[in-house]
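Now for the letters of each chain:
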Amino acid sequence: MAERSQTAPEAGYDIGNDDAIGGNVSKYLVLPSGYCGQPKKGHLIFDACFESGNLGRVDQVSEFEYDLFIRPDTCNPRFRVWFNFTVENVKESQRVIFNIVNFSKTKSLYRDGMAPMVKSTSRPKWQRLPPKNVYYYRCPDHRKNYVMSFAFCFDREEDIYQFAYCYPYTYTRFQHYLDGLQKRNMDYFFREQLGQSVQQRQLDLLTITSPDNLREGAEKKVVFITGRVHPGETPSSFVCQGIIDFLISQHPIAHVLREHLVFKIAPMLNPDGVYLGNYRCSLMGFDLNRHWLDPSPWAHPTLHGVKQLIIQMYNDPKTSLEFYIDIHAHSTMMNGFMYGNIFEDEERFQRQAIFPKLLCQNAEDFSYSSTSFNRDAVKAGTGRRFLGGLLDHTSYCYTLEVSFYSYIIGGTTAAVPYTEEACILGGSPQAWASPHPAESIQVWQDLTGRYEAGKERGKNVFGLLSAEPPGGESGDPGAEAAEREAPSLQVPIPAGPSQQPPQRQRGQEELSEPQRPFKLFLRTWSPGRSCGGTSMHFPLGHEIIHPSL
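Here goes a summary of the coordinates provided. (Residues numbered from 1 in each chain as written. Predicted model: local features only at pLDDT ≥ 70, side-chain atom pairs only at ≥ 80, totals over all residues. Heavy atoms only, no water.)

## A closer look at the overall build of the protein chain
- A count of helical and extended segments in the protein chain gives 10 helices and 25 strands.
- The proportion of buried residues among the 549 residues of the protein chain is 59%.
- A separation threshold of at least 6 residues defines the contact pool for the protein chain, and within that pool the share at least 24 residues apart is 73%.
- Counting only carbon and sulfur atoms, one obtains 51% of the accessible surface of the protein chain, whose full area is about 22,300 Å². (Helix = DSSP H or I, 4+ residues; strand = E, 2+ residues; numbered from the N terminus. Buried < 20%, exposed > 50% of the residue type's maximum accessible area, 1.4 Å probe, protein only. Contact = heavy atoms within 4.5 Å. Areas by Shrake-Rupley, 256 points an atom, 1.4 Å probe, with all protein chains shown as cover.)

Now the structure itself:
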């Protein structure tokens, strides 16, 4: 895309119509209205033409204020949530207010303390902006869309700054990660190409198990995990990486799991959408998680390939598909939680509540009160619903959701934000990436065996089936913290070496010297026309050291 200035828009580019957004801005120089000279420092240059980038349009409202428009998903204008863009040619101490003005959702975790991410070339670690400087509100001047405004001060003229909705996790990054695992030549880790996307990107299938389980004629108990069917839900990839890291580790539970189970993992079902910077859809504008009933081999090739493999395993008498878990991220709720299916068979319906209860016991960020079981018609095309109807009573299908932002520990009201670093390390309690799902699967296997033995003797060994699972579609986000605790299940987990990294104390500096934290300077501001007269007052001269922890 050619460079555009605010004073000379391209022909046919309707400044007043946000439906005119057709692609990402590319090195878009914003000049003040009426300015005719050479660009100077402080005339910002916006760019989103990079992997997973998204910014469709920039309007300068005043010397300090900019309206930013999210580019809709390719071939589908309904979804506008994910943003990821850079800003350069800044001036030291330049203060700006950015308004993201065309979100397609009304509810957002930005109302609950979530804030955009920022990094720069000299400080490459993603950091969250202070929540007190982020405002989410309905704006009359933008078709009553909800707007997210945040203030920022650029402090290094030579830096390029990058802002994003949440921690990005690109297709290329995941390919490098899998390449590194493959080079380790582990005899219990196998990587193959199950298919290709419309744009010929690789659909990876990972198998993690003991080689003995793959010998010809061996009976297999399979746990199938999928992720990133919605490309903007980047926490899905962090969770998936954490599960993989744990399963290939030398932890005693990981060893037991590899000995008894075969893990099949398709970690990125929508590689085109991830690469393009879409939020929910594929290249062709399809929400793939509504097309499990009849995926097209040409329009939904990745979904078609995974479905064919699952059906093949289902028809194999030597293979038992024990679990299907589809990993997502949630944009309006805290904590991790699950969606499950409703069955006419009361015993089957209640038995599937056991696994979420185990997760709640073993993971402090998992909420059983937010877990729900449903069979809504609009969800009929999801992986959970389709496979729940296809597979027999021995299989359990779930959607695992994790918050884009934070979790609340039981007994408290304080939100604990998830962090990228903790996710990669995989052992911190403040992590998306956690061994807890895998640990809970191990406990489930032990529990199920003892349940079946007790059932033959005519009694319910653990009394687990007497507890009613929660109902409703999305749980009660306003439930008291104490209600997040599931009934206690006293099931021992084998001890293993500690995987937790040293914990950073609250308030401890994240950036090492000679790096300097970002500083945000706020000013008194009345948004005027861009906010429909809604005044927001930032304390004059107030300085905030970023990150605010």
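Now that the structure has been shown, the text picks up again.
## Considerations on the environment of L206
- Tracing the chain through its elements places L206 in strand β13 (residues 202-208).
- Remark: the alpha-carbon pair of L206 and L178, spanning 28 residues in sequence, is separated by 9.2 Å.
- Setting aside its immediate chain neighbours within four residues, L206 contacts L178, F189, F190, R191, I244, F263, K264, I265 and P267.

## Re the pairing of strand β16 (residues 319-330)
- Buried residues dominate β16, accounting for 11 of its 12 residues.
- As judged from the eight bridges shared by strand β14 (residues 220-227) and β16, these two strands associate in the parallel manner. By the bridge assignment for β16, V222 is matched with L321. (Pairing = 2+ DSSP bridges.)

## Let's talk about helix α7 (residues 354-362)
- Counting buried residues along α7, eight of its nine residues qualify, which places the element largely inside the surrounding structure.
- Taken as a whole, α7 has its buried residues at I354, F355, P356, K357, L358, L359, C360 and N362.

## Considering unusual backbone geometry
- In this structure, K144 is a non-glycine residue whose phi angle is positive, near 60°.
- Take K144: it is sitting in the loop between β9 (134-138) and β10 (146-154).
- Residue class for K144 comes out exposed when judged on its relative accessible area of 53%.
- In the Ramachandran plot, Q200 falls in the positive-phi region, its phi being about 70° despite a non-glycine side chain.

## Comments concerning the packing of aromatic side chains
- By the definition in use, this model includes 38 aromatic pairs.
- On the basis of an interplanar angle of 75° and a centroid distance of 5.7 Å, the ring pair of F152 and Y161 is categorised as edge-to-face.
- For F152, a relative accessible area of 0% translates into the label buried.
- The positively charged end of R173 is found above the aromatic ring belonging to Y169, 4.3 Å away from the centroid.
- Its end group placed over the ring of Y275, R201 keeps NZ or CZ at 3.8 Å from the ring centre. (Phe/Tyr/Trp six-rings, centres within 6.5 Å; stacked < 30°, edge-to-face > 60°. Lys NZ or Arg CZ within 6 Å of the ring centre and 35° of its normal.)

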